[in-house]
Every structure is written in C-alpha cells, then in structure tokens.
Amino acid sequence: MSAEIPASREVPKKENRFKVWRQTRPFWAGLFTMIGGVPIAYLPYGDMRLGNVTLAMQTTAGAGALIIGVLLITLGLTMWFQPVVRVFAGVASIILALVSIPVSNFGGLVIGFLFALIGGGLSAAWAPAPPVEETEDAQHDGRPEASDEAGAEPETEVVPAAVVPEQREAEHQATESTIDANGGRNSAG
C-alpha cells in the first residue's frame, strides 16, 4: 500500500468500527436468538408478584429449560463472533426453539420461542457481502466529474445480450462400455 492510496477500507474510523463490525456478521440474528434464550431459561425459575399474590411458573422441567436457554444464548454469541458457522447456529436455534415449546412453558410463554425462531431463520438466511474490488478508474476524490457539473448527459454503455451456449449433438459411442468411450466419463442413454 502506497502513500497515495487512502486506507479507508482497511481501517474504519473510530465512530464507524461498530457499524463495520455489525455489517460483517449476522448481528440481528444473534441478538434475537439471545433475547429468545432469556425468557426460555428464566421463566421456569422465576416468579412474578401481583400485589400480595405470587405467581410461580416453576416446573419439573426446569433443568431442560435452563439448558435450552443457555444454548440459545451461546448460539447467539457464536453467530456474532464466528459468522462462518452461521447456518449451523441458525438451524440449531430453530430446533432448540421448537424443543422449548413442550419443555419450557410453551417456549418461554411463546415470546422466547418466537425470538429464537426468527433469530435462527435470520442466521440461516444471512450471507456476507461480496468483497469490493477497487480499481484505478473507480477511485475519485469525491467531487463530481466535469460532465456532471456541466449538466451533460452521463455516458451510457451498451451491454451485450447474454449469449446462449450451443447445444451439442448426441454422441454415438463406438463401444458398448462407457468406461472405454468418452474418456472414462459416464453418460446416460
């Protein structure tokens, strides 16, 4: 890298570091999955007070609910810090969300179930952006070009239509064995 090329792509500005970090991984999928894990893990152990009445949601399946909730939180963190395994983490989150329905008070009163299900779906569907290739003609100093300043029509390029590949004619094999014919490749028919 020379002194003439700005390093804006390699080193983000201090105020943009979180934005760049967030855009390079399934951030919302991890957040939704972690939010979904909290009510699933908490509700079997927590209680709620309404005046003098205590409403306890404790069940015998508390250990299973705690394990599911902790696993969902761990999968959410995995989506953030290891985006390579995002599809596995998304599918595992969906499966754990579905298992939480019978195990953990209808999936954390359906709230945790929905958050974990949406987070898993977002993670499985997320794909990283393709890398941006910089070329010499693509770099400019931010000022409009001369043709834009003068109000002239911008140049348009003619894009050729896609070429349809030619179909090959049916090949007749000289021998009956497909191994001997066609260089060892199998052919149907």
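Residues numbered from 1 in each chain as written. Predicted model: local features only at pLDDT ≥ 70, side-chain atom pairs only at ≥ 80, totals over all residues. Heavy atoms only, no water.

You'll find the protein chain entered in an unreviewed UniProt entry as DUF6114 domain-containing protein, with Streptomyces tanashiensis given as the organism.

1. A few points about helix 6 (residues 111-125)
Applied cut-off: Comment: elements are numbered from the N terminus, with helices defined as DSSP H or I runs of at least four residues and strands as E runs of at least two. Multiplying 1.5 Å by the residue count of a helix minus one yields the expected span of that helix. Think of it in three bands: residues with accessible area under 20% of the maximum for their type are buried, residues over 50% are exposed, and the middle band is partly exposed, with areas taken using a 1.4 Å probe on protein chains only. In this description, one arc is meant: the one made by directions from the helix axis to the C-beta atoms. Two residues form a contact once any of their heavy atoms are found within 4.5 Å.
Between its terminal C-alpha atoms helix 6 stretches 21 Å, which fits the 21 Å expected from 15 residues at 1.5 Å a residue. Among the residues making up helix 6, those that are buried are Gly112, Phe113, Ala116, Gly119, Gly120 and Ser123. Each buried residue of helix 6 sits inside an arc of 140 degrees when the element is viewed along its axis, so together they form one side. Against the buried residues of helix 6 lie helix 2 (27-42), helix 3 (62-81), helix 4 (86-103) and helix 5 (105-109).

2. Focus on the packing of aromatic side chains
Short version of the rule: Centres within 6.5 Å are what make two rings of Phe, Tyr or Trp a pair, Trp counting through its six-membered ring; a difference in plane orientation under 30 degrees is then read as stacked, over 60 as edge-to-face, and the rest as tilted.
The full count for this structure, using the stated rule, is nine aromatic pairs. Taking the centre distance of 5.9 Å and the plane angle of 50 degrees together, the rings of Trp21 and Phe81 count as tilted. With a gap of 60 residues between them, Trp21 in helix 1 (residues 17-23) and Phe81 in helix 3 connect regions that are remote in the sequence.

3. Brief notes about the confidence of the model for the protein chain
Selection rule: The score called pLDDT rates the predictor's confidence residue by residue, from a low of 0 to a high of 100.
Per-residue confidence for the protein chain gives a mean pLDDT of 76, with 61% of residues at or over 70. Highest mean pLDDT in the protein chain belongs to helix 6 (93); lowest belongs to helix 7 (residues 146-149) (52).

4. Comments concerning unusual backbone geometry
Phi at Val110 takes a positive value of approximately 70 degrees, unusual for a residue other than glycine. Its location among the elements puts Val110 in the loop between helix 5 and helix 6. For Val110, a relative accessible area of 40% corresponds to the partly exposed category.

5. Quick word on the nonpolar core
We count it as follows: To define a nonpolar core, start from buried Ala, Val, Leu, Ile, Met, Phe, Trp, Tyr and Cys residues and group those joined through side-chain atoms within 4.5 Å.
In this structure, Ala29, Ile40, Ile68, Leu72, Leu75, Met79, Ala89, Ala92, Leu96, Ala97, Phe113 and Ala116 together form the largest nonpolar core, which totals twelve residues. Once residues within four sequence positions are removed from consideration, Ala116 is found in contact with Phe32, Thr33, Gly36, Leu72, Ser93 and Ala97.

6. What about a nonpolar patch on the surface?
Let me state the cut-off plainly: Residues enter patches when they are more than 30% accessible in relative terms and free of salt bridges; like-charged ones are connected within 9 Å and nonpolar ones (Val, Leu, Ile, Met, Phe, Trp, Tyr) within 5 Å. We get accessible surface area from the Shrake-Rupley algorithm with a probe of 1.4 Å; when it comes to residues, only the shown protein chains can shield them. By convention in these notes, a salt bridge is any Lys or Arg side-chain nitrogen within 4 Å of a carboxyl oxygen on Asp or Glu.
A cluster of nonpolar side chains, namely Trp28, Leu98, Ile101, Phe106, Val110, Leu114, Ile118 and Leu122, defines an oily patch on the protein surface of about 750 Å² accessible area. Taken together, the elements giving at least two residues each to the nonpolar patch come down to helix 4 and helix 6. Relative to the elements of secondary structure, Phe106 occurs in helix 5. Residue classification places Phe106 among the exposed residues on the basis of a relative accessible area of 60%.

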